[in-house]
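# Architecture at a glance
In case you want the letters, here they are:
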Amino acid sequence: MNKALIIAKREYRAAVRTKGFILGILLLPLFMGGGLIVFTLFKDKVDLNDKRIAVIDNSGLFGDYLTGAAESWNSNNVLDENGNKTGPYYYFEIMQQDLDDGQRQKLELSNRIRSKELHAFVQIGGNVLHPQPGDDQSRILYYAENAALDNTRNWFSNMINSRIRELRLKELGIEQEEITDLFYWVNAESMSLVSVDTKTGVVTEASTTNELQTILVPYILLLLMFMMLMMSAVPLLTAVMEEKSERIAEVLLGSVTPWQFMTGKIIGSLGVSLTTSVIYIIGAVFTLNRINMSDVIPYHVIPWFFIYMLLNILMVGSIMAALGAICNDSKDAQAMQFPAMLPIILPLFLMMPVILNPLGNLAVGFSLFPLWTPMLMLLRLSTSVTIPVWQQVVGLIGVTLFTLLCVWAGARIFRSAIILQGTRPDVKTLFKYITKG
């Protein structure tokens, strides 16, 4: 075991003393949260470009209203007290539908949008005041180059629906001012559960939660686990292949056993992952405490993170080292790498369904599958939902036994294939290595 630790020390020092490791420590947070940072920085940025919108009003009810609403908006909502522009000007071009060739009219308007003469055009059905299901004339159609994500569409929709409501009230002989409360919408606020402080015994009031906070913590922990695998366990495939192809392995095996050789490389990779993750977690805890957001830190999940990361790197590292031992050159390694990485990547596609329903059959089933337990069980534990203890115990036992199986099988393949040159072993031969050595 002492020789394995010597190899592990060599692997660890070779990794952490490089400029690439330091650069990775600095850049990894940007890769993990760069999109969220950019979103936070630019979420309040408003498109200030003026919007000219053509409106085909088949109902004949909204032309004057839209023109007047745009004039009121442009006069009162675009410039602040210092004369700085805070939003776009809106201009409406009211049109009649071409009854002879409506499609040609829409094509011409679409071409005007493509040439940037218009921002969008809208077709208002003739029956929107009293719509009927399935009736094309009961629809409002918004045409633009990026209609689904266009904020102007939401602005227009709110304005036109306010006018429709006013017209319906007038038909009933009711003034809108008389029934203001009827349209006052009260949202149900999302709150955490009331709890008891374990130190003082005082009942702690629930706090307000939001979607970003609920998703952010599980997202970061899962991505950190994934990045640790990509930094330490996955590269073992290429590293072992290179040492085999360059005959370095043969030299080392003159003084150490194959088991010590493989164990040392895996422990070295584990040390790199522990160093990196400890730096990030301590940095995150310190930062969140400094900005008074310590309540979002899942302290109860941090031990689980390190337990699952340890098992995951041992499991995946053993598999990658064994696969590297059966490769003879870089072509073999490239052909092997993507199929080997695919099972590691799949949990990322299950992230949102698991976060949205941590107690659902899909989340429970996949999190108890040993290969994915470290990532998906960690994801479930980091949500605000209480995971049944039996599932945590079964998951931990299952992944521990599976990790031992992977280490045992990987070691037998590694021992049999590390010094063999020539044709890459097939599945039947690998099975023979595992069963008979």
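Above: the structure in question.
Every chain is numbered on its own, with residues counted from 1 as its sequence reads. A pLDDT threshold of at least 70 governs which residues receive local features in this predicted model, and a stricter bar of 80 or more applies before side-chain atom pairs are shown or counted, although totals over entire chains, interfaces and linings include all residues. Here the side-chain values reflect all heavy atoms present in the structure, with hydrogen atoms and water set aside.

### Observations regarding the overall build of the chain
- Scanning the chain for helices and strands turns up 16 helices and six strands.
- Only protein chains enter the calculation, and the probe is 1.4 Å; a residue is then buried if its accessible area is under 20% of its type maximum, exposed if over 50%, and partly exposed in between. Scored against the burial criterion, the 437 residues of the chain give a buried share of 40%.
- Computed with the Shrake-Rupley method and a 1.4 Å probe, the accessible areas treat only the protein chains shown as cover for residues. A total accessible area of about 25,300 Å² is found for the chain, and carbon and sulfur atoms account for 61% of it. Think of it this way: any DSSP run of H or I at least four residues long counts as a helix, any run of E at least two long counts as a strand, and we number them from the N terminus.

### Quick word on unusual backbone geometry
- Its identity as a non-glycine residue notwithstanding, K116 has a phi of 70°, on the positive side.
- Note that K116 resides in the loop between helix 4 (102-114) and strand 3 (120-124).
- The exposure class of K116 is exposed, given its relative accessible area of 60%.

### Re the nonpolar core
- By convention a nonpolar core is built from buried Ala, Val, Leu, Ile, Met, Phe, Trp, Tyr and Cys residues, the set being connected through side-chain atoms within 4.5 Å. Among the nonpolar cores identified, the biggest contains 73 residues, and F305, Y308, M320 and F414 are the most heavily contacted of them.
- At 15 residues, helix 10 (residues 302-326) tops the list of elements feeding residues into this core.
- Any two residues having at least one pair of non-hydrogen atoms within 4.5 Å are treated as being in contact. Among residues more than four places away in sequence, those in contact with F414 are V240, P258, F261, M262, A321 and A325.
- V55, F62, A70 and A120 belong to the second-largest nonpolar core, a separate cluster that totals 21 residues.

### Thoughts on helix 11 (residues 330-349)
- One less than the residue count of a helix, multiplied by 1.5 Å, gives the span that helix is expected to have. Spanning 20 residues, helix 11 covers 29 Å between terminal C-alpha atoms, matching the ideal 28 Å at 1.5 Å per step.
- For helix 11, the full list of buried residues reads D332, A333, M336, A340, M341, I344, I345 and P347.

### Quick look at the side chain of K51
- Along the polypeptide, K51 turns up in strand 1 (residues 51-57).
- For K51, a relative accessible area of 5% puts it in the buried group.
- Ignoring sequence-local partners within four residues, the contact set of K51 consists of P88, Y89, Y90, Y91, H119 and T152.

That's the geometry; what it means functionally is another story.
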